[in-house]
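Chain and residue survey
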Amino acid sequence: MVHWDSLWINVHLATMCDGDGYGTIRDAAIAVRDGKIAWLGASAALPGDYAADQTHDGQGCWLTPGLIDCHSHIVYAGNRSDEFEARLNGVAYEEIARKGGGILSTVRATRAASADELMQASLTRVHSLLREGVTTLEIKSGYGLDLQTEAKMLRVARQIGRDLPVRIKTTFLGAHALPPEYAGRADDYLSAVCEQILPALVGEGLVDAVDAFCEHIGFSAAQTERVFQAAQRAGLPVKLHAEQLSDQGGAALTARYHGLSADHLEHLSAQGIAAMQTHGTVAVLLPGAYYFLRETKLPPIAALREAGVPMALATDCNPGTSPMTSLLLAMNMGCTLFRMTPLEALQGVTLHAARALGLQDQAGSLTIGKAADFALWSIDRPGDLAYAIGANPCYASVFSGSPRVF
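Residues numbered from 1 in each chain as written. Predicted model: local features only at pLDDT ≥ 70, side-chain atom pairs only at ≥ 80, totals over all residues. Heavy atoms only, no water.

**What about the overall build of the protein?**
Looking only at helices and strands, the protein features 14 helices and 15 strands. What you see for the protein is a C-alpha radius of gyration of 21 Å, in line with the 22 Å of a compact globule of 406 residues. Seen through its principal axes, the protein has C-alpha atoms that stretch 70 × 45 × 40 Å. Residues counted as buried form 58% of the 406 residues belonging to the protein. Long-range pairs, those at least 24 residues apart, make up 71% of the contacts in the protein between residues at least 6 apart in sequence. Within the structure as shown, the protein displays about 15800 Å² of accessible surface, and the carbon and sulfur contribution to it stands at 50%. Put simply, the protein has 31 plus and 42 minus side-chain charges, and the middle of one group is 3 Å from the middle of the other. (Helix = DSSP H or I, 4+ residues; strand = E, 2+ residues; numbered from the N terminus. Rg over C-alpha atoms; globule rule 2.2 N^0.38 Å. Buried < 20%, exposed > 50% of the residue type's maximum accessible area, 1.4 Å probe, protein only. Contact = heavy atoms within 4.5 Å. Areas by Shrake-Rupley, 256 points an atom, 1.4 Å probe, with all protein chains shown as cover. Lys, Arg positive; Asp, Glu negative; His and termini not counted. Charge placed at Lys NZ, Arg CZ, Asp CG, Glu CD.)

**Description of the pairing of strand β7 (residues 167–175)**
Most of β7 sits inside the fold, with eight of its nine residues counted as buried. Pairing of strand β6 (residues 134–140) with β7, which is carried by five bridges, proceeds in the parallel orientation. Bridging from a neighbouring strand, leucine 137 pairs with isoleucine 168 of β7. When β7 meets strand β8 (residues 209–214), the two strands line up parallel, connected through three bridges. Each residue of the ladder has a partner; that of alanine 175, found in β8, is alanine 212. (Pairing = 2+ DSSP bridges.)

**Describing the pairing of strand β3 (residues 36–42)**
Where burial is concerned, most of β3 is hidden: five out of the seven residues are buried. Sheet topology note: the strand β2 (residues 24–33)/β3 ladder contains six bridges and is antiparallel. Each residue of the ladder has a partner; that of isoleucine 30, found in β3, is leucine 40.

**Some points on the UniProt feature "binding site: Fe(3+)" (unreviewed entry) in the protein**
Under the UniProt annotation, "binding site: Fe(3+)" (unreviewed entry) lies at His71, His73, His241 and Asp316. In three dimensions, the annotated residues from a span of 246 residues occupy one location, with a maximal C-alpha spread of 12.2 Å. With respect to the element layout, histidine 241 can be found in strand β9 (residues 239–242). By relative accessible area, histidine 241 is classed as buried at 4%. Once residues lying within four places of it in the same chain are set aside, the contact partners of histidine 241 are His71, His73, Lys140, Leu173, Asp211, Ala212, Phe213, Cys214, Asp263 and His264. Within the local environment of histidine 241, its side chain forms a polar contact with the side chain of aspartate 211, the two groups lying 3.0 Å apart. For aspartate 316, the position within the fold is in the loop between β12 (311–313) and α12 (327–336). What makes aspartate 316 buried here is its relative accessible area of 2%. When sequence neighbours within four positions are dropped, the list of residues in contact with aspartate 316 reads His71, Ser72, His73, His264, Leu286, Ala289, Thr321 and Ser322. (UniProt positions renumbered as here; feature names shortened; annotations may be inferred. Polar contact = N/O pair within 3.5 Å; in protein donor to acceptor, adjacent residues only side chain to side chain.)

**A short note on the packing of helix α4 (residues 115–130) against helix α5 (residues 147–163)**
Taken N-terminus to C-terminus, the directions of α4 and α5 make an angle of 50°; their axes are 10 Å apart at the nearest point. What the angle tells us is that α4 and α5 run oblique. As α4 packs across α5, the resulting crossing turns out to be right-handed. Contacts from Ala115, Leu118, Met119, Ser122, Leu123 and Val126 of α4 reach α5 at Lys152, Met153, Val156, Gln159, Ile160 and Asp163. In the contact of α4 with α5, the residues fall into eight nonpolar, two polar and two charged. (Axes fitted to C-alpha atoms, helices over the stretch in contact; angles between N-to-C directions. Parallel < 35°, antiparallel > 145°, perpendicular 65-115°, else oblique. Left-handed = near helix turned anticlockwise from the far one by under 90°. Nonpolar A, V, L, I, M, F, W, Y, C, P; charged D, E, K, R; others polar.)

**Let's talk about the side chain of histidine 56**
Tracing the backbone shows histidine 56 in strand β4 (residues 50–65). Among residues more than four places away in sequence, those in contact with histidine 56 are Ser6, Leu7, Trp8, Ile9 and Pro403.

**A word on the packing of aromatic side chains**
For the structure on display, the rule yields eight aromatic pairs. Taking 6.3 Å as the distance between ring centres and 75° as the angle between the ring planes, the aromatic pair formed by tyrosine 76 and tyrosine 143 counts as edge-to-face. Here tyrosine 143 lies in the loop between β6 and α5 and tyrosine 76 lies in the loop between β5 (67–69) and α1 (81–88), a separation of 67 residues in the sequence. Among the residues examined, tyrosine 76 registers a relative accessible area of 8% and is labelled buried. On the numbers, 5.3 Å between centres and 55° between planes, the contact of tyrosine 182 with tyrosine 189 is tilted. Ring pairs connect the aromatic residues Trp4, Trp39 and Tyr50, which therefore count as one cluster. In this structure, arginine 125 is placed above the aromatic ring of tyrosine 76, and the distance from its NZ or CZ to the ring centre is 3.7 Å. (Phe/Tyr/Trp six-rings, centres within 6.5 Å; stacked < 30°, edge-to-face > 60°. Lys NZ or Arg CZ within 6 Å of the ring centre and 35° of its normal.)

**Considering unusual backbone geometry**
We note that aspartate 27 has phi near 50°; this positive angle belongs to a residue other than glycine. Its location among the elements puts aspartate 27 in strand β2. Under the relative-accessibility criterion, aspartate 27 is labelled exposed at 52%. A positive phi angle, near 55°, is found at histidine 258, a position not held by glycine. Since its relative accessible area comes to 55%, histidine 258 is described here as exposed.

Written as structure tokens, this is what we have:
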């Protein structure tokens, strides 16, 4: 007799295993054993000799892989709505920055916050994502820019994964901006990042990947490569904020280091696309920042599609350029602003988002042996997830085989 811990019946599956479609199985069932998918298929094909400790009726819902938000800055303190209002009243960003605004405003607030204060502020944002079927979340540091605060942020991120039913992947973003104490000394700061801060955080087991902001207002490609070399020495994968405001060659650099992803990409060149295609680097698209900054240059979606570069979508949740805690809204924006298809949007928050985190063997599709992370939706068809603005049709979600309760 086949024995399972749980069985979900009366569902339609969007397995996301079909490269050309949703991988649909109608009138289906899915079984779980030891937190992993043990069987799935049409209900009519269920083994005749199975037993399940628990059987759940999916009420005719669509069942997809749990959603994955593969780019977020969700752990931070403070609020920058004053800057948002100032910009809309005509104050230039450069003037705001000269007065101590921008990223450094969040750095000051995050440095001053206790770990408990950071946790409480972050939990509100995380819960919003979890209620929309998110089961995996990447969390970056980068609002500390010193060892003490970067470690504080990453410890909070790890604690979120212990306290809530969600898989957390942490990313060290020490090369996010130049801290005030290193004004005019970017190379000295990067020496501290590479030689002191990163090794200490790795020694504490706080880092899963390394990121940087490669931009004319951030760090050059040569400086970014120093960070990548330090990550390489630590045995960590890299990713990059690349080509958001200008083409610095960051995507090609990331691909050359076999990076997991290059993110933003509004100014991505044909050479960058070719490098990403060659090395399998995922393009992570962030329509929230595009919308919030009222950007006008679109990422080269058609060229990425033509090259077969996998495209992921994420919230980029952060206080300055994308204060968004809805991955469903990011899907809608991906379709309406970037002209992605609803299928591409759903692939972008499941299959390709998993790959952007190096989790393609564990999550992102309904496949036997992968984690039993999935979401059930009260919808008529999978394309509905990218359709209704502000709607949340999540009926239930499951993490490692266990139904989540909030």
